[in-house]
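# Chains, contacts and geometry: an overview
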Amino acid sequence: MTRRILLLPGDGIGPEVIREARRVLEVVGDRHALDLAFTEANLGGVAIDREGQAYPSTTQSLAREADAILLGAVGGPKWDSLPASQRPERGLLAIRSDLDLFCNLRPALLFQELAEASSLRAELVAGLDILIVRELTGGIYFGEPRGIHTRDDGVREGVNTDRYSETEIRRIGRLAFEAARKRDGRLCSVDKANVLEVTMLWREVMESLSGEYPDVALSHLYVDNAAMQLVREPKQFDVMVTGNLFGDILSDIAAMLTGSIGMLPSASLNAESRGLYEPVHGSAPDIAGQDKANPLATMLSAAMLLRYSLGALEAADQIEQGVAAVLAQGLRTSDLSAGDAQTGALGTRAMGDAVVAALLAQSPAQ
Ligand code: IPM
Ligand code: MG
């Protein structure tokens, strides 16, 4: 059975990291006879330039047909002056919404070799393994009314609306409880229920679900405290569940704890586990086209793709082992090395070569 993988390289460093991730997918795909068929389409700024829209209809039909989607990154200074509704980022929001990818999984896992690269002391992060479950198709990112308008008194005003229905909260909550059940059984729900009604409802729904999951210990934190706890004592967390905006912010913090945002993959799933997979790092326009980007987060996203959308668990494990192997060999891209070590840092392509070599060196039975 052919599996259709849609590649959306996007902007900035996107094309460079996607190229390397595709190579590793091809290697493990061949080994496991996965019969992967790749197509490519435009999303974000590159789509605006080539097709006049951030999420063109050609991309939309390919996305709807694909078994899974691997995305690089979108956005960059070139498109910063466009009105909000036409920016590259809107393409990303549009595809998430179009495919109903409400469940965003962002695992922050520390590879032991990178403990020294973390912004926290090594002992605070050794063994770190957090899963952030972010609601991705609701909340203030999508709530109406929104916009910038001029009031009757002539003063301009910007408006966004944070809005969550019980149904939306319950469906992400369930997935978070299920995830916690398969891990260490601890779920921390993050809200701002001391101020925002929308998150008072969020907390109430999480509480009501907890009766169905007696094996999961549910706790709650306000988002400001959660941000502080993440940098104070991150290992207290197992699974965190939160809304769209808080999840965006907390996942960047968690990423940095693992050594570099260049290491963090993500999966965005709908109710049928069809998904879009992307590194959390974004388009990094400052280093785009310079062969400096770290491709590992995209490779780890490809591993998640194999696991969640194709059910190819062994192939997924192999990619993760391949990434661990190159780190164990001491190989680093520049985001992972400090000071003098930067001079010996590998470029994007060389890091891709190293992971491919590590995969080929794995015993077939692995
Ligand atoms: C992310 C990104 C996006 C988001 C941007 C590019 C729209 O920061 O995936 O975390 O805010 O969701
Ligand atoms: Mg973000």
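Up top is the structure.
On a predicted model such as this, the values are computed, not experimentally measured, just so you know. In every chain, residue numbers begin from 1 and rise along the written sequence. Each chain gets a letter, beginning with A, and each ligand a number, beginning with 1, in the order they are written. It should be noted that, the model being predicted, local features are given only for residues of pLDDT at least 70 and side-chain atom pairs only at 80 or more, the latter also being counted only at that level, while totals for whole chains, interfaces and linings use all residues. As a rule here, side-chain values cover all heavy atoms of the structure and leave hydrogens and water aside.

Turning to the packing of helix α10 (residues 296-308) against helix α11 (residues 313-328), a few remarks are in order. Whenever a helix is involved, its axis is fitted only over the stretch in contact; in every case the axis is a line through C-alpha atoms, and angles between N-to-C directions fall within 0 to 180 degrees. Secondary structure elements follow DSSP: runs of H or I no shorter than four residues count as helices, runs of E no shorter than two count as strands, and numbering proceeds from the N terminus. Their axes nearest at 7 Å, the elements α10 and α11 cross at an angle of 160°. Comparing their axes, α11 and α10 come out roughly antiparallel. The element α10 and its partner α11 pack so that their crossing is left-handed. Facing α10, whose interface residues are Leu-296, Met-299, Leu-300, Ala-303, Leu-306 and Arg-307, α11 presents Leu-313, Ala-315, Ala-316, Asp-317, Ile-319, Glu-320, Val-323 and Leu-327. Each residue gets one label: Ala, Val, Leu, Ile, Met, Phe, Trp, Tyr, Cys and Pro are nonpolar, Asp, Glu, Lys and Arg are charged, and the others, such as Gly, are polar. Taken together, the residues of the contact of α10 with α11 sort by class into eleven nonpolar, no polar and three charged. Throughout, the term roughly parallel applies to angles under 35 degrees, roughly antiparallel to angles over 145, roughly perpendicular to angles from 65 to 115, and oblique to all others. Definitions for this section: a left-handed crossing has its near helix turned counterclockwise from the far helix by less than a right angle. A right-handed crossing has that turn clockwise. Only heavy atoms matter for contacts: two residues are in contact if any of them lie within 4.5 Å across the pair.

Turning next to the site of ligand 1. Every residue lining ligand 1 is accounted for by Glu-89, Leu-92, Arg-96, Arg-106, Arg-134, Tyr-141 and Asp-248. Polar contact is defined as a pair of N or O atoms within 3.5 Å, subject to the rule that within protein one atom must be able to donate a hydrogen and the other to accept it, and that residues adjacent in sequence are counted only when both atoms are side-chain atoms. In this structure, an oxygen atom belonging to ligand 1 sits 2.8 Å away from a side-chain N or O atom of Arg-134. Contact with the protein chains hides 78% of the accessible area of ligand 1, taken as 320 Å² for the molecule alone. A pocket, in this scheme, is an open set of points on a 1 Å grid over the protein atoms alone with protein on both sides within 12 Å along at least 5 of 7 lines, while a cavity is a set where a 1.4 Å probe fits but cannot get out; residues line either one if an atom lies within 4 Å of a point. By definition, a pocket or cavity contains a molecule when more than half of the molecule's atoms lie within 2 Å of the pocket's grid points. Structurally, ligand 1 is housed in the second largest pocket. Here the shell around ligand 1 takes three residues from helix α4 (residues 88-98), the largest share from any one element. Here the residues of the shell around ligand 1 sort into two nonpolar, no polar and five charged. No fewer than three residues from each of domain 1 (1-111 + 264-366) and domain 2 (129-257) sit in the shell around ligand 1. Proximity is defined per residue: if any heavy atom of the residue lies within 4 Å of a molecule or strand, that residue is considered near it. Only the protein chains shown count as cover for residues, and all accessible areas are computed by the Shrake-Rupley method using a 1.4 Å probe. A domain assignment, automatic or from a database, supplies the domain bounds used here.

For strand β1 (residues 3-10) and strand β2 (residues 36-40), the ladder comprises five bridges, and the chain directions are parallel. Residue pairing in the sheet places Ile-5 in a bridge with Phe-38 of β2. Following DSSP output, two strands are said to pair if at least two bridges run between them.

Between side chains of opposite charge, pairing is possible as soon as their charged atoms come close. In what follows, salt bridge is the name for a side-chain nitrogen of Lys or Arg lying within 4 Å of a carboxyl oxygen of Asp or Glu. In this structure the tally under the stated criterion is 26 salt bridges. Between Asp-215 and Arg-181 there is a salt bridge, with its nearest N and O atoms 2.8 Å apart. Here Asp-215, found in the loop between α7 (197-210) and β9 (217-222), pairs with Arg-181, found in helix α6 (residues 166-182); they are 34 residues apart in sequence, far enough to count as distant. Shared partners join several salt bridges into a network, and the residues in it are Glu-20, Arg-23, Arg-349 and Asp-353.

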